[in-house]
Amino acid sequence: MESISASVRYWLVEHPLVSGFEWIEGETFGSSPKFLLTTVATYLSLTYILSITLLSPKPPVKTPSKTLTILRSISAIHNLILLALSFIMALGATLATTTKMPSKQWICFPANKTRSQGPLFFWAYVFYLSKILEYVDTLLIILHNDARRLTFLHVYHHTVVTIMCYLWLHTTQSLLPLGIVTNATVHTVMYAYYFMCTLGKRPSWKRLVTDFQIIQFWFGLGISTLMLWFHFTGTGCSGIWGWGFSYVFNASLLALFSAFHANNYANKDKDKKLV
């Protein structure tokens, strides 16, 4: 058991590629503002163009079985990749934080003294790139001709979360460790659900996915209070303006997901009580 633990720690924390990582703006792949803006603009443009050309406003025509099988296979592979990647990111960020950082810095990186380097920031970088990979979610929704799932919440979430993750690295944002661990854990559950759906086995715990997401946002907003206490009572926490962006974004997601939860589940609960 100890050898397995040591092996996992080596590959996720101590491997030279991981431990020697450094985010250098303009040199690290994807680190320039131009790359970020081009990526986000391309995602929004293609989503708009493909949605108006491929999504049918009429009742969906039955997809040929062969095409549907291919799309389901692609979706299954995509979901399985993100399921595995989310789990590895959550584990890697947890080990990097607990083994390489003093506990006092888990919530408050020392201002002007923290650089975006080392194993934790390696996983923050992988996390950032994974948000671009998640754009494939939108493409698959369009190819499945599922206009119901292509909502403002979906596109808004995918767009702004990429910007937020970039800012985490750019500003060495103090709550980055908790953000990666909680979000990657939630996405592990979410992509496990989607993967099982593509296999034709729709789990009964769909509601839990939304519940976990809402809990994640409340947790993030709550832990921010503790970070601010450290910031104003000490020498300051790193990445405070990056945190400000994250705080506003998470608050907006909490409102949107809460409305989604109420529309999709609260009304159903009332109907059950009336029966």
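Counting from 1, residues in each chain are numbered in the order their sequence is written. Totals for whole chains, interfaces and linings use all residues, but because this is a predicted model, local features are given only for residues with pLDDT of at least 70 and pairs of side-chain atoms are given and counted only at 80 or more. The basis for every side-chain value is the complete set of non-hydrogen atoms in the structure, without hydrogens or water.

Q: Looking at this structure, how should I read the side chain of Ser51?
A: The way it works is that DSSP assigns letters per residue, a run of H or I at least four long becomes a helix, a run of E at least two long becomes a strand, and they are numbered from the N terminus. The topology assignment puts Ser51 in helix α3 (residues 33–54). Discounting residues that sit within four places of it in the chain, Ser51 has contacts with Leu46, Ile142 and Leu150. Contacts are assigned to residue pairs with any non-hydrogen atoms lying within 4.5 Å of each other.

Q: Sorry, what's going on with a positive patch on the surface here?
A: A cluster of basic residues, Arg148, Arg149, Arg202 and Lys206, forms a positive patch on the protein surface. Tracing the chain through its elements places Lys206 in helix α9 (residues 206–233). Categorising residues by exposure relies on relative accessible area from a 1.4 Å probe, with only protein chains included: less than 20% of the type maximum marks a residue as buried, more than 50% marks it as exposed, and the intermediate range marks it as partly exposed. Assessed through its relative accessible area of 38%, Lys206 is described here as partly exposed. Only residues whose relative accessible area exceeds 30% and that form no salt bridge are eligible for patches; like-charged ones are grouped when within 9 Å, while nonpolar side chains (Val, Leu, Ile, Met, Phe, Trp, Tyr) are grouped when within 5 Å. All accessibility values rest on the Shrake-Rupley procedure with a 1.4 Å probe; residue burial counts only the protein chains present in the view. Salt bridge, as applied in this entry: a Lys or Arg side-chain nitrogen positioned within 4 Å of an Asp or Glu carboxyl oxygen. When charges are counted, neither His nor the chain ends are considered; positive counts come from Lys and Arg and negative counts from Asp and Glu. Charged side chains are reduced to one point each, which is NZ for Lys, CZ for Arg, CG for Asp and CD for Glu.

Q: Help me understand the confidence of the model for the protein, please; the structure alone is not making it clear to me.
A: Low pLDDT marks regions whose predicted coordinates should not be analysed in detail. Residue-level confidence of the predictor is what pLDDT reports, using numbers from 0 through 100. Mean pLDDT over the protein stands at 90; residues scoring 70 or higher make up 93%. Per-element averaging of pLDDT across the protein places helix α10 (residues 240–274) at the bottom with 80 and helix α5 (residues 119–133) at the top with 97. Across residues 270–275, where pLDDT falls below 50, the model places zero contacts with residues more than four positions away in sequence or in other chains.

Q: Is there a simple way to think about unusual backbone geometry in this case?
A: Note: most residues except glycine have negative phi, and most peptide bonds are trans. Notably, Asn112 is not glycine yet its phi reads approximately 65°, a positive angle. The topology assignment puts Asn112 in the loop between α4 (65–100) and α5. In this structure Asn112 comes out as exposed when scored by relative accessible area, which is 82%.

Q: Whenever I open this one, the nonpolar core confuses me. Can you help?
A: The nonpolar side chains of a soluble globular protein tend to be buried, and buried together. If you look at the biggest cluster of nonpolar residues, it comprises 49 residues, and the most contacted ones within it are Trp123 and Tyr128. Element by element, the count of residues in this core is highest for helix α7 (residues 152–171), at ten residues. If sequence neighbours within four positions are ignored, Tyr128 has contacts with Trp23, Gly30, Phe35, Leu36, Thr162, Cys165, Tyr166 and Leu169. For the purposes of this section, nonpolar cores are sets of buried Ala, Val, Leu, Ile, Met, Phe, Trp, Tyr and Cys residues that join through side-chain atoms within 4.5 Å.

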